[in-house]
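Letter by letter, the chains look like this.
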Amino acid sequence: MAGVNKVILVGNLGRDPEVRHLEGGASVATFSLATSESYTDRDGNRQTQTEWHNIVMWRGLATIAERYLKKGSKIYLEGKLTTRSYEKDGITRYATEVVARDMVMLDNRPEGQVGNNAYAPPTAADAPSQAQAASPAPAAAAATPDLSAAEGSNDDLPF
């Protein structure tokens, strides 16, 4: 039986994405993502435990990260765990990272933007062609329908 290497995270960016543009035209974005979990300890005190994850995004996702993500942004991502080694000061070190395959932005519209169409989530058109991208374009456009095109006004919404 083949193994499964899948990671699903929902969290907030700990820093702005650092994006590098490589010679072949590919882009790579790296940033840290914080996931937190709260619980009540034996004494009845509320405790929060935060884990930090190193995230790597390639090509189209890196372009979207560069354009739309910033420190504090809330995202959902799916990817896989990878471990790489490097040498520093004569010592071999290891880094475990999550290589993202898909991402959905969970924030509302960016600060300072108003109106129904001021903010449109990134679509496949914002990313390089599928032949160039190693992973599929994010499903953010499908997850956030454009309600301005629906019949009636927003006052007709039940929530």
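Residues numbered from 1 in each chain as written. Predicted model: local features only at pLDDT ≥ 70, side-chain atom pairs only at ≥ 80, totals over all residues. Heavy atoms only, no water.

- Under an unreviewed UniProt entry, the protein has the name Single-stranded DNA-binding protein and belongs to Flammeovirga agarivorans.

**Here we look at unusual backbone geometry**
- Look at arginine 59: it is not a glycine, yet its phi comes out positive at around 50°.
- For arginine 59, a relative accessible area of 28% gives the class partly exposed.
- Positive phi is not limited to glycine here, since aspartate 89 has a value of about 55°.
- With respect to the helices and strands, aspartate 89 occurs in the loop between β5 (74-88) and β6 (91-105). (Buried < 20%, exposed > 50% of the residue type's maximum accessible area, 1.4 Å probe, protein only. Helix = DSSP H or I, 4+ residues; strand = E, 2+ residues; numbered from the N terminus.)

**Quick word on the side chain of serine 27**
- Inspection of the secondary structure puts serine 27 in strand β3 (residues 27-40).
- A polar contact of 3.0 Å, which involves the side chain of serine 27, links it to the side chain of histidine 21.
- Excluding anything up to four places from it in sequence, serine 27 contacts Val19, Arg20, His21, Met57, Trp58, Arg59, Ala62 and Thr63. (Polar contact = N/O pair within 3.5 Å; in protein donor to acceptor, adjacent residues only side chain to side chain. Contact = heavy atoms within 4.5 Å.)

**A word on the nonpolar core**
- Membership of the largest hydrophobic core comes to 19 residues, with the highest contact counts inside it found for Ile55, Met57, Leu69, Ile75, Leu77 and Met103.
- Going through the elements one at a time, β1 (7-13), β3, β4 (46-58), α1 (59-68), β5 and β6 are the ones with two or more residues in this core. (Core = buried A, V, L, I, M, F, W, Y, C linked by side-chain atoms within 4.5 Å.)

**Considering the pattern of salt bridges**
- One pass over the structure, following the stated rule, counts 3 salt bridges.
- Taking the shortest distance from any N to any O, the salt bridge between arginine 15 and glutamate 18 comes out at 3.2 Å.
- Taking the relative accessible area as the measure of exposure, arginine 15 reaches 30% and is therefore partly exposed.
- Put simply, arginine 84 and glutamate 97 hold a salt bridge, and the shortest N to O gap is 3.0 Å. Within this pair, whereas arginine 84 is found in strand β5, its partner glutamate 97 is found in strand β6, the two being separated by 13 residues in sequence. (Salt bridge = Lys/Arg side-chain N within 4 Å of Asp/Glu carboxyl O.)

**Description of α1**
- Taken together, the buried positions of α1 are occupied by Gly60, Leu61, Ala62, Ile64 and Ala65.
- In the core, the buried residues of α1 are packed alongside β2 (18-21), β3, β4 and β6.

**Structural notes on the side chain of histidine 53**
- With respect to the helices, strands and loops of the structure, histidine 53 is situated in strand β4.
- A polar atom in the side chain of histidine 53 sits 2.8 Å from the side chain of threonine 35.
- If we skip the residues at most four places from it in the chain, histidine 53 touches Leu9, Phe31, Ser32, Leu33 and Thr35.

**Section: the confidence of the model for the protein**
- Summarising the model, the protein shows a mean pLDDT of 79, and 68% of its residues fall at 70 or more.
- Residue range residues 115-154 is modelled with pLDDT below 50. Its contacts to residues more than four positions away, or to other chains, number 51 contacts. (pLDDT = per-residue confidence, 0-100.)

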